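Each chain is listed here by its residues.
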Amino acid sequence: MQGVDLYWCLPRVAIVASADRLEMLRRAVVESAYWELELRQIESDLATRWPELEAHAPQAFEFRERDLKYRDQLAVQFRQLLLLRSRLAKITPWLRMPPAYPATLSGQIQERLRERLAVHHRVESLEVQLEVFERIYDGCGQRVSEFVLARRGHTLEWIIIILLALQTVFVVFEWLTNTKS
């Protein structure tokens, strides 16, 4: 492109250009490499989380007493998922940046690299995957909350029943002692 040859195979990049363009091109390539590596890290981090998601998916539908041991783990997973979402949101503006006008050589190189690395499709894919994760972990969080609230409610109901039974016993005892006299 415009007398510039660029060979890209991370972690190595080779730029063949005239000396007066080299520094500007180096900055553009380093910036592109940084954002692409950030995207790649998010992709790999999310890819390693699929088995955990599949293991936790049943808790999104129904949560039971035996699942309480997963409560803290579900909270940690949800927080980490939100961090991934925020990391993606932070880099998305650069990854989806429209071409600069008027076009510059560094802008054209960055746009060509985004195109060759299928950045737009990768971001869309990550957003869809993150949405699946969010739905499942949000469901898990709701089921955990419902379960804990229901359990507390049942405990409170039993306490009220026991207190009413005790009160009934005392009233009956008092009535029996008063009728004998």
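Residues numbered from 1 in each chain as written. Predicted model: local features only at pLDDT ≥ 70, side-chain atom pairs only at ≥ 80, totals over all residues. Heavy atoms only, no water.

Draft legend 1. The arrangement of the overall build of the protein in detail. Along the protein, the regular secondary structure elements total five helices and two strands. Secondary structure elements of the protein occur, N-terminal to C-terminal, as β-β-α-α-α-α-α. For 181 residues, the compact-globule formula gives about 16 Å, and the C-alpha radius of gyration of the protein, at 30 Å, lies well above that figure. When its C-alpha atoms are laid out on the principal axes, the protein stretches across 115 × 30 × 20 Å. Relative to all contacts within the protein whose residues are 6 or more apart in sequence, the contacts with residues 24 or more apart total 76%. About 12,300 Å² of surface is accessible on the protein, with carbon and sulfur atoms providing 61% of the total. (Helix = DSSP H or I, 4+ residues; strand = E, 2+ residues; numbered from the N terminus. Rg over C-alpha atoms; globule rule 2.2 N^0.38 Å. Contact = heavy atoms within 4.5 Å. Areas by Shrake-Rupley, 256 points an atom, 1.4 Å probe, with all protein chains shown as cover.)

Draft legend 2. Spotlight on helix H5 (residues 119-180). Counted at 1.5 Å a residue, the expected span for H5 with its 62 residues is 92 Å, and the 90 Å between its end C-alpha atoms agrees. Within H5, the full set of buried residues consists of Val119, Arg122, Val123, Leu126, Leu130, Phe133, Tyr137, Gly139, Cys140, Val144, Phe147 and Val148. (Expected span 1.5 Å × (residues − 1). Buried < 20%, exposed > 50% of the residue type's maximum accessible area, 1.4 Å probe, protein only.)

Draft legend 3. Focus on the side chain of Arg122. Within the fold, Arg122 resides in helix H5. For Arg122, the side chain forms a polar contact with the side chain of Glu43, separated by 2.8 Å. Once you skip the residues sitting within four places of it in the chain, Arg122 turns out to touch Glu36, Leu39, Arg40, Glu43 and Leu117. (Polar contact = N/O pair within 3.5 Å; in protein donor to acceptor, adjacent residues only side chain to side chain.)

Draft legend 4. Structural detail: the nonpolar core. Residues Leu39, Leu88, Ile91 and Leu95 are the most contacted members of the largest nonpolar core, which totals 26 residues. Taken together, the elements giving at least two residues each to this core come down to helix H1 (19-48), helix H2 (50-61), helix H3 (71-95) and H5. If you tally residues by element for this core, the top one is H5, at ten residues. Discounting chain neighbours no more than four positions away, the residues touching Leu39 are Leu88, Ile91, Leu95, Val119, Arg122, Val123 and Leu126. (Core = buried A, V, L, I, M, F, W, Y, C linked by side-chain atoms within 4.5 Å.)

Draft legend 5. Region of the structure containing the packing of H2 against H5. One way to put it is that H2 packs onto H5 with a least axis distance of 8 Å and a crossing angle of 40 degrees. If you check the angle between H2 and H5, you find them oblique. Note on packing geometry: the crossing formed by H2 with H5 is left-handed. Contacts between H2 and H5 involve Trp50, Glu52, Leu53, His56, Ala57, Gln59, Ala60 and Phe61 on the former and, on the latter, Gln129, Val132, Phe133, Ile136, Tyr137, Gly139, Cys140 and Arg143. (Axes fitted to C-alpha atoms, helices over the stretch in contact; angles between N-to-C directions. Parallel < 35°, antiparallel > 145°, perpendicular 65-115°, else oblique. Left-handed = near helix turned anticlockwise from the far one by under 90°.)

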